[in-house]
Amino acid sequence: MSRLQEFFLNSHMKVSADKFLHSVLLLYFLYYFSLISFISGFLGGKVGKNTVEEAASGNLINQIFGLLLLLLTVSSFFFSRRLSVKKFIFENKILLVFIIFCVFSFWWSVAPFVSLRRFIAFSTLILSSYLICQVFSTRSLLNFLLNFIFAVTVIGIVYTLLSGKGLSFGFSSRELGLSGIFLDKNAAARFYGYGVILLVALKRFAVKRDVLILITLVISLLLSQSVSALGMTLIGCSLVIGLNIFRGRNATESILRLMVFTVLSIVVIVSIKHAYEYLLNLLGRDPGLTNRGIIWELLQPFIDDKPNLGYGFAAFWAGDAATAFIDRWGFIGNAHSGYYEILLNLGLVGLCLKILFIAHFFKLAIDCFIKNNLYASFFLSIVIVQAVINYAGFVIFNHNSLDMVLFFLTYFLTIKELNKNGRKQ
């Protein structure tokens, strides 16, 4: 084969590989940002999960596209030189320990088939997130993410208006909260909030299009009627702005400034804690986290029955053990707290592994900040915000959560940025 033929052959293979990877990226966002679920609703697919049976069986259309995404992702590991199984294992030891424990939980799961299927979905999220973080640059991926969030938000607004649903500013009418294409109003609200945080982190204010994106996302957030999402957004943006202000010119200066920023943050947190009930009452909301305290109290006996290992990965709500709770409250799908949820499914061992992984992610983000990385403030903001809201919502390690998609994207991007700066894993 001549050099000219070899050049054209290699060029053709590179173009084909790039098209393939861009197809995976598009499918990833269509799948995890609920556009496929939204469209399947018009085609007669069941997108809701209001009973144990529906939660266990899932959405057939979603399952098909999920398996397709998994197949494409696994295939990518074979032909892409930028992907390495050994590298993935080496960089994600703590995550792999958690994954292995999830696999072992199949043996004591009260619904092993459900555990297996949901583990496949969970693994698909992890592997596909790792894939797109490796093959696309951090800046381009985050810009694409923000643009996609904006596009989905606009589609949701148009759909809401065309369907004749009412809208209202403020925080007094939960029924009129803007959920867009999503089933859960609070998940939609956090989705808009993440977009605002990301836009601030990327400092995209220079052109009219970016100003339009910001205005659209802020209006959508206010229309969502979610106090928690508004609080999350304000905290996230404050962290991004504050960390950027306190960034040092070298590692030593960054550490000292981070210590000062931490002290100031503690003062602010204590002040907000004292004004917490007053602020919620001012907004007309329940300081008791909308009956979550009652839900956790009712779930505590189930946790006490299997305190160490739980009921198996994602198995509790599909098993017979939840019947007593469902008879009292109806099917709610999760404990409305990521920490209570993991106690139910994986016990104290699972909770310890989860906290260890979050702490590991936090340390990586701190290392990124000390090395003066451009995106470190965003990474730190996401891990802190999600660790907090995970208390009152099932966010971290929920494979059906938009929050979890962003969590794993930022986690893998953090490792990527550290490697780019020469950090040894």
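Computed from a predicted model, the values in this text were never measured in an experiment. (Residues numbered from 1 in each chain as written. Predicted model: local features only at pLDDT ≥ 70, side-chain atom pairs only at ≥ 80, totals over all residues. Heavy atoms only, no water.)

A. Main features of the overall build of the protein. What the protein contains, in helices and strands, is 18 helices and 0 strands. Look at the contacts in the protein between residues 6 or more apart in sequence, and 76% of them connect residues 24 or more apart. (Helix = DSSP H or I, 4+ residues; strand = E, 2+ residues; numbered from the N terminus. Contact = heavy atoms within 4.5 Å.)

B. Seen up close, the packing of helix H9 (residues 185-202) against helix H18 (residues 402-420). Between H9 and H18, the shortest axis-to-axis distance is 9 Å and the interhelical angle comes to 30°. Counting all contacts with H9, which are made through Ala-187, Arg-190, Phe-191 and Tyr-194, the residues of H18 involved are Leu-402, Asp-403 and Leu-406. For the contact of H9 with H18, the class distribution of residues is 5 nonpolar, no polar and 2 charged. (Axes fitted to C-alpha atoms, helices over the stretch in contact; angles between N-to-C directions. Nonpolar A, V, L, I, M, F, W, Y, C, P; charged D, E, K, R; others polar.)

C. Representation of the packing of aromatic side chains. Inspection of every chain in the model, using the stated rule, returns 42 aromatic pairs. Here Phe-302 and Phe-316 contribute two aromatic rings whose centre-to-centre distance is 5.5 Å and whose plane-to-plane angle is 65°, an arrangement assigned as edge-to-face. With Phe-302 in helix H14 (residues 292-305) and Phe-316 in the loop between H14 and helix H15 (323-329), this residue pair connects regions lying 14 residues apart in the sequence. Positioned above the aromatic ring of Tyr-339 is the side chain of Lys-354, whose terminal nitrogen or guanidinium carbon lies 5.2 Å from the ring centre. (Phe/Tyr/Trp six-rings, centres within 6.5 Å; stacked < 30°, edge-to-face > 60°. Lys NZ or Arg CZ within 6 Å of the ring centre and 35° of its normal.)

D. The arrangement of the environment of Asp-210 in detail. Structurally, the position occupied by Asp-210 is in helix H10 (residues 208-223). Discounting residues that sit within four places of it in the chain, Asp-210 has contacts with Leu-199, Arg-204 and Phe-205.

E. Main features of empty space enclosed by the protein. Within this structure, the stated rule accounts for 1 cavity of 30 Å³ or more. Of the voids in this model, the largest cavity is the one considered here, and its volume is about 60 Å³. Those elements giving two or more residues to the lining of the largest cavity turn out to be helix H8 (138-162), H9 and H18. Classifying every residue of the lining of the largest cavity by side-chain character gives 7 nonpolar, no polar and no charged. (1 Å grid on protein atoms, 1.4 Å probe; cavity = no way out; pocket = protein on both sides within 12 Å on 5 of 7 lines; lining within 4 Å. Points joined across faces, edges and corners; volume = space filled by probe spheres on them.)

F. Spotlight on unusual backbone geometry. Of note in this structure, Gln-225 is not a glycine but carries a positive phi near 65°. Looking at the secondary structure, you find Gln-225 in the loop between H10 and helix H11 (227-245). Non-glycine residue Ala-314 carries a positive phi angle of around 55°. Of note, Ala-314 is situated in the loop between H14 and H15.

G. How the structure looks around the confidence of the model for the protein. Looking at the protein, the pLDDT average stands at 82 and 83% of residues meet or exceed 70. At the low end of the mean pLDDT range in the protein sits helix H3 (residues 52-57), at 50; at the high end sits helix H6 (residues 93-104), at 95. In this model, residues 1-15 is a region of pLDDT below 50 whose contacts with residues beyond four sequence positions or in other chains number 2 contacts. (pLDDT = per-residue confidence, 0-100.)

H. Layout of the environment of Val-154. Inspection of the secondary structure assignment puts Val-154 in helix H8. Residue classification places Val-154 among the partly exposed positions, given a relative accessible area of 30%. (Buried < 20%, exposed > 50% of the residue type's maximum accessible area, 1.4 Å probe, protein only.)

I. Spatial organisation of the side chain of Asn-398. Considering the arrangement of structural elements, one finds Asn-398 in the loop between helix H17 (376-389) and H18. Within the local environment of Asn-398, its side chain forms a polar contact with the backbone oxygen of Phe-394, the two atoms lying 3.2 Å apart. (Polar contact = N/O pair within 3.5 Å; in protein donor to acceptor, adjacent residues only side chain to side chain.)

J. How the structure looks around H9. Across its 18 residues, H9 extends 26 Å between first and last C-alpha, which sits within 8% of the 26 Å expected from 1.5 Å per residue. Burial of H9 is extensive: 17 of the 18 residues sit out of reach of the surface. Measuring from the side-chain oxygen of the N-cap residue of H9 to the backbone nitrogen of Asn-186 gives 3.4 Å; that N-cap residue is Asp-184. Trailing H9 by a residue or two, Lys-203 shows a phi angle of about 55°, which is positive. (Expected span 1.5 Å × (residues − 1).)

K. Structural detail: the nonpolar core. Residues Phe-33 and Phe-408 are the most contacted members of the largest nonpolar core, which totals 125 residues. Take this core: its biggest share by element is 16 residues, from helix H16 (residues 338-370). Dropping the residues within four chain positions of it, Phe-33 is found in contact with Leu-145, Phe-148, Ile-149, Val-152, Ile-181, Phe-182, Phe-191, Leu-402 and Val-405. (Core = buried A, V, L, I, M, F, W, Y, C linked by side-chain atoms within 4.5 Å.)

L. Local environment of the side chain of Ser-381. With respect to the helices, strands and loops of the structure, Ser-381 is situated in helix H17. For Ser-381, a relative accessible area of 1% gives the class buried. Side-chain polar atoms of Ser-381 contact the backbone oxygen of Gly-236, separated by 3.2 Å.

M. Region of the structure containing the pattern of salt bridges. For the structure shown, the criterion picks out 7 salt bridges. Two residues, Lys-363 and Asp-367, come together in a salt bridge whose shortest N-O distance is 3.1 Å. Linking Lys-363 with Asp-367, this pair stays in helix H16, spanning 4 residues, or about one helical turn. On the basis of relative accessibility, which here comes to 45%, the residue Lys-363 falls in the partly exposed class. You can call Asp-367 buried: its relative accessible area is 16%. (Salt bridge = Lys/Arg side-chain N within 4 Å of Asp/Glu carboxyl O.)

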